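# Summary of the model geometry
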Amino acid sequence: MSVTMAWTALVACSSFCLLTVTTASLLSGTDYQPPSADDQPLATDDQSQQTLAQFQQMATDQLYGQNQVDSARNTQDITDNSNVDVSHQFHLHESSEWPFPHKIDNSIGQISGVSISKDNLVYIFHRGDREWNQTTFFENNVFRDKNKGPISEQVVVILDPKNGSVIKRWGSHRFYMPHGITVDHENNVWLTDVALHQVFKFDPSSGNVLMTFGTAFEPGTDSNQFCKPTSVAVTTSGEFFVADGYCNSRIIKYSAEGQVLLQWGRSTLVTGEMLVPPYQLWIPHDLTLAEDKEVICVADRENSRLLCFNINSGIFQFEINPQIVQRLFSAAYSPVAGGLFYVLNDKNMDIVTETLAQGIVINATSMEVIGQFHPKNNEFLRPHDMAVSPDGTSVYVVELIRSHIRKFVLDSDIQNKFINQSNDSYKFSFNDIMLNKYNVLENCSGLRENSGKQILVIMLVIAVGLFFTAAIFVTVLIYTRTKSIANRKEAAFSRWQPRTLNAADGFTLGNIFNKKQRAGFEKLATVEVSEDDDDDDDDNDLNVRA
């Protein structure tokens, strides 16, 4: 039985090894070659092709972040220089199609604010014939030139993003010193006026005022008043934040209905090397929302930093403080490419430095400077505000010079690598991606046939392995049970067999009562054994009393 069992195990192992070798040869032969990433068959449907390729690319390449920066250092994907400068990898160039340096028209004065609608239209807020100088306000922050009346020009101008042509104007005879403009997700227009110390919400169609906050020409510190408010940021839920601004240095959060929810921040004039706490602000000049990261970020102008707070609680989250920033006038955020912060720096005229008045691109994950941009042959002149298009490909910068608005566009290779790819992939749901993967298999006969062969071989290997495993198990089981039965029979036979005596012993009564030779069935004595004969020889018979 042992020999049979050994031969069975040997045959099973040999067959399994032979089958494994055959399978490996089949898979490695010319009949089947796994498709590589370069010649991956794609479906005939264009969207399926793009989605699968993008899905695979996203699985291997992360969106532009720290890893991309490190990769660019090694592979020089963006620039051909031998020494790659990380701070110049995310490059923007000034648009040749934009009308600058030619003025849009002579009626547009200092442009203090710019914002982009969800329709990609460019909104600017300008001051007409007004300029803000040292004599514009009294020491108590009250506007001096109230008697001049409001600005007569149409101070809100809508521009075509392609060529800068004027689409629409409105807002005459209402404002005294425009500052910030924000177009929310419903195209409502939010405006701040530092002379009026007020914030306004306008209907996008009629131009009528929907909400007004603050008291005209009266600066204040309570929750119902402002002192030179600078900027507004609106969430998709309708809640909004106001930067109150030049005097109070605080941030106020409102519900969609206009009720105060919370506020934080106080003024500080701390300068030099001393660390400034995050809740001490020195002119919060602009606001930007990063809702995907749940933060509201403040351009703390004179403290040269971008501070980000939790969008719900106002708790401080992190600070971005590039060393190349002196006065941070504006900030914008784009969720594309993993998240990008754009900040606008101006020089401090009281400090001699080589720092440029320029725009800076910061990775929202690694907090590294990954790009810088400025006019073609020079730096910005008094830059004041900036905005990023919804698709993240264009940045608009306004300067406090009459009719100066510049457009910058991401280089095409940057767009193709990080922007277009991520934008296209977001158009499809997970179910669409899975359906497209099945469509790829249906439209690729070679891939489908090879996949069928592979599945068949795998199933065959599994079936044969299970068969031989079961055979070995049954063989061992039968052998074990047979051996157990034989042992039990032999034990039972030995137990019931009478003891056999030698012929020389004969049959004597002494053998029956001999304690040393007692075996099998023996009749017990019915009378007592005498204790007086204990010293007698053991070979003598026992004396039995009558």
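These notes cover the structure that comes with them. Computed from a predicted model, the values in this text were never measured in an experiment. (Residues numbered from 1 in each chain as written. Predicted model: local features only at pLDDT ≥ 70, side-chain atom pairs only at ≥ 80, totals over all residues. Heavy atoms only, no water.)

## With respect to the sheet that holds strand β5 (residues 166–170)
The four strands are arranged β2-β3-β4-β5 in an open sheet whose pairing can be described as antiparallel. For this open sheet the edge positions go to β2 (111–116) and β5, each flanked by a neighbour on one side alone. Sheet twist, expressed as the average angle between the axes of neighbouring strands with direction ignored, equals 20°. As paired strands, strand β4 (residues 156–159) and β5 are joined by four bridges and run antiparallel to one another. In the strand pairing of β5, V157 is matched with R169. (Pairing = 2+ DSSP bridges. Helix = DSSP H or I, 4+ residues; strand = E, 2+ residues; numbered from the N terminus. Axes fitted to C-alpha atoms, helices over the stretch in contact; angles between N-to-C directions.)

## Brief notes about the nonpolar core
If you look at the biggest cluster of nonpolar residues, it comprises 25 residues, and the most contacted ones within it are V156, V189 and L191. Secondary-structure elements contributing two or more residues to this core are β3 (122–126), β4, β6 (178–183), β7 (189–193) and β8 (198–202). L191 has contacts with F125, V156, W170, F175, G180, I181, Q198, V199, F200 and F202, leaving out every residue within four places of it along the chain. Among the nonpolar cores identified, the runner-up in size contains 19 residues, and L344, A357, F380 and V388 belong to it. (Core = buried A, V, L, I, M, F, W, Y, C linked by side-chain atoms within 4.5 Å. Buried < 20%, exposed > 50% of the residue type's maximum accessible area, 1.4 Å probe, protein only. Contact = heavy atoms within 4.5 Å.)

## A closer look at the packing of aromatic side chains
Here the structure, examined in full by the defined rule, presents 23 aromatic pairs. A ring pair is formed by F240 and Y254, whose centres lie 4.9 Å apart and whose planes are at 5°; its orientation type is stacked. Linking F240 in strand β11 (residues 240–244) with Y254 in strand β12 (residues 250–254), this pair joins segments that are 14 residues apart in sequence. Three or more aromatic residues joined by ring pairs make a cluster, and in this case those are W132, F137, F143, Y176, F217 and Y246. Geometry around F137 places K228 over its ring, the cationic atom sitting 4.1 Å from the centre. (Phe/Tyr/Trp six-rings, centres within 6.5 Å; stacked < 30°, edge-to-face > 60°. Lys NZ or Arg CZ within 6 Å of the ring centre and 35° of its normal.)

## Some remarks on the pairing of β7
Extensive coverage of β7 is indicated by the burial of five of its five residues. Along β7, one buried face is formed by V189, L191 and D193 and the opposite face, lined by W190 and T192, is buried too. The pairing of β6 with β7 spans four bridges and is antiparallel. Residue pairing across strands places T182 opposite W190, the latter belonging to β7. By the bridge criterion, five bridges tie β7 to β8 in an arrangement that is antiparallel. Each bridged residue has a counterpart across the sheet, and for W190 the counterpart in β8 is K201. Connecting the antiparallel pair β7 and β8 is a turn made up of four residues, with H197 showing a positive phi of about 55°.

## Points about the state of the cysteines
Counted under the stated rule, the structure contains two disulfides. For C227, the disulfide goes to C247, at an S-S distance of 2.1 Å. Between C227 and C247 the disulfide shows an S-S torsion of about -55°. By sign, it is left-handed. With a gap of 20 residues between them, C227 in the loop between β9 (209–213) and β10 (229–234) and C247 in the loop between β11 and β12 connect regions that are remote in the sequence. Covalently, C297 is tied to C308 through a disulfide, its sulfur atoms 2.1 Å apart. With the S-S bond torsion at 105°, the cross-link from C297 to C308 turns out right-handed. Taken as a pair, C297 in strand β17 (residues 295–300) and C308 in strand β18 (residues 305–310) lie far apart in primary sequence, eleven residues in all. Both residues of the pair, C297 and C308, count as buried. (Disulfide = S-S within 2.5 Å.)

Remember, this is a structural readout, not a statement about activity or role.
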